[in-house]
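# Observations on the model geometry
Spelled out from the first residue to the last, the chains are:
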Amino acid sequence: MAATAPLTTAWTNWAGNQRSTATTILRPTSVADVAEAVRTAAASGQRIRAVGSGHSFTAVAVTDGHRMELDALDTGVRVDAERRLVTVPAGMTLRTLNGLLAAHGLALPNLGDIDAQTIAGAISTGTHGTGSGYGCLSTFVEALTLVTGTGEVLRCSADEHPDVFAAARVSLGALGVLVEVTLRCVDAFVLHAHERPAPLDAVLGELPELIEAHDHVEFYWFPYTARVQLKTNDRVPADDRPLSRLRGWLDDDFLANTVFAGACRLGRAVPALAPGISAVSARALTERRYTGRSDRVFCTPRRVRFVEMEYAVPRAALPEALDGLRRIVDGLPFKVLFPVEIRFTAADDIWLSHGYGRDSAYLAVHQYVGMPYEPYFRAFEQVAAGLGGRPHWGKLHYRDAGSLAPAYPRWADFQSLRTRLDPDRLFTNPHLTHILG
């Protein structure tokens, strides 16, 4: 196992809002390497944080101890096409996984809108897509292998260490180092995407029918307007309406990244223009329909940097949450440059999942890098928390262990398990101490 020179220990996340300098970088190539590193750190009183691709906005990966990078970890790849099970190293990125699955005629049932995260990072923070029949990505985990704070290697599933399995699928890296994951997949499928501008009130009015009628529904509300961009994705038998390369580049690269980045820079320089920019953006996106391989429809490039907070609220509370958010945006002393993303998930049984025990609506609020955001995020958090909201573990929030405990029925069980698996808090950092205790 290699440890890099001290000059290369600085780290920053994708958004640039979290930074740290580790004493040592660990790059294990085997599970045995991980277990040895854990035992060595425990014996010397050091701490370890495993990091992924840096796509969390919180300080969850920040460490001034040992930083463990899992990109070189090789546990092998095993594909059981008949049972639709795939076992891969936890440090593999979703982008690599999607290509691997496609080569075997398989796919994940659902995805979020980016694929840069590692599998371990995505499931540990409860990363999700949208679709009323689907929980977060962690619900696709059939089994996992975890190296605990004592260096023990545990293989967990619904039948083997089921309590650890129930907790470790969304654990923020607090229970151990995820080294291998078995995912339950489906046969590769094609999606038909329909994107169109619409009035906000009309979408809210027909939302139950939309959610029932489509496999995947989401919409983006443009601040200072009554307009949204509605997106639905549905499984179809044939890829018979592919998006042309020119249209794909124009919409997803040029408009959504290049032009939008310019508009954000303009809004940051001249904030008074922000409402007009939002109104133009809401009108500029035209209707389009196309088909494509599932992961290529789900995931789109994101090169405009931002910070983000996201809350899961009970689905019935969405209108009230959105009303409160609109009032907040209108009353802020600064302007908001990013649209608000609304998505939906099904209930699950993972102890620290945002969707534990209830169908959820997610509201994601963003702000362009360099713009003020904390008063905006704090005000929205107050609204969402008052509705029973749970913050996304990978997105900015200001909750602590005392306020989070009542939101999760299995909180005490998670804490007991954490004490058993990591008795010396080898895997903690100040952020985890704040939110987990």
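This write-up is about the structure you can find in this document. Fair warning: this is a prediction, and the values are worked out from it, not measured in the lab. (Residues numbered from 1 in each chain as written. Predicted model: local features only at pLDDT ≥ 70, side-chain atom pairs only at ≥ 80, totals over all residues. Heavy atoms only, no water.)

### A word on the pattern of salt bridges
- The tally for this structure, following the rule as stated, stands at 21 salt bridges.
- For the salt bridge of R343 with E310, the shortest nitrogen-to-oxygen distance reads 3.1 Å. Linking R343 in strand β19 (residues 340-345) with E310 in strand β18 (residues 306-314), this pair joins segments that are 33 residues apart in sequence.
- Owing to a relative accessible area of 6%, R343 belongs among the buried residues under this scheme.
- Where R410 meets D413, a salt bridge forms, and the shortest distance between an N and an O atom there is 2.4 Å.
- Shared partners join several salt bridges into a network, and the residues in it are E308, E310, E341, R343 and K395. (Salt bridge = Lys/Arg side-chain N within 4 Å of Asp/Glu carboxyl O. Helix = DSSP H or I, 4+ residues; strand = E, 2+ residues; numbered from the N terminus. Buried < 20%, exposed > 50% of the residue type's maximum accessible area, 1.4 Å probe, protein only.)

### Some points on the packing of aromatic side chains
- Applying the stated criterion to the full structure yields 11 aromatic pairs.
- When the centroid spacing of 5.1 Å and the interplanar angle of 70° are considered together, the rings of W14 and F306 count as edge-to-face. One end of the pair, W14, is in the loop between β2 (10-12) and β3 (19-21); the other, F306, is in strand β18, with 292 residues separating them in the sequence.
- Overall, W14 belongs to the buried group, its relative accessible area being 15%.
- Ring centres 4.8 Å apart and planes at 80° place the aromatic pair F260 and F338 in the edge-to-face group. Residue F260 is found in helix α7 (residues 245-269), and its partner F338 is found in the loop between α10 (318-331) and β19; the two are separated by 78 residues along the sequence. Side by side, F260 and F338 carry an identical accessibility label, which is buried.
- Three or more aromatic residues link up through ring pairs in this structure, and these residues are W14, F57, F260, F306 and F338.
- Positioned over the ring face of F189 is R235, at 4.0 Å from the centre of the ring.
- In this arrangement the basic side chain of R378 is found over the ring face of Y398, its NZ or CZ atom lying 4.0 Å from the centre. (Phe/Tyr/Trp six-rings, centres within 6.5 Å; stacked < 30°, edge-to-face > 60°. Lys NZ or Arg CZ within 6 Å of the ring centre and 35° of its normal.)

Worth remembering: the numbers are spatial, not functional.
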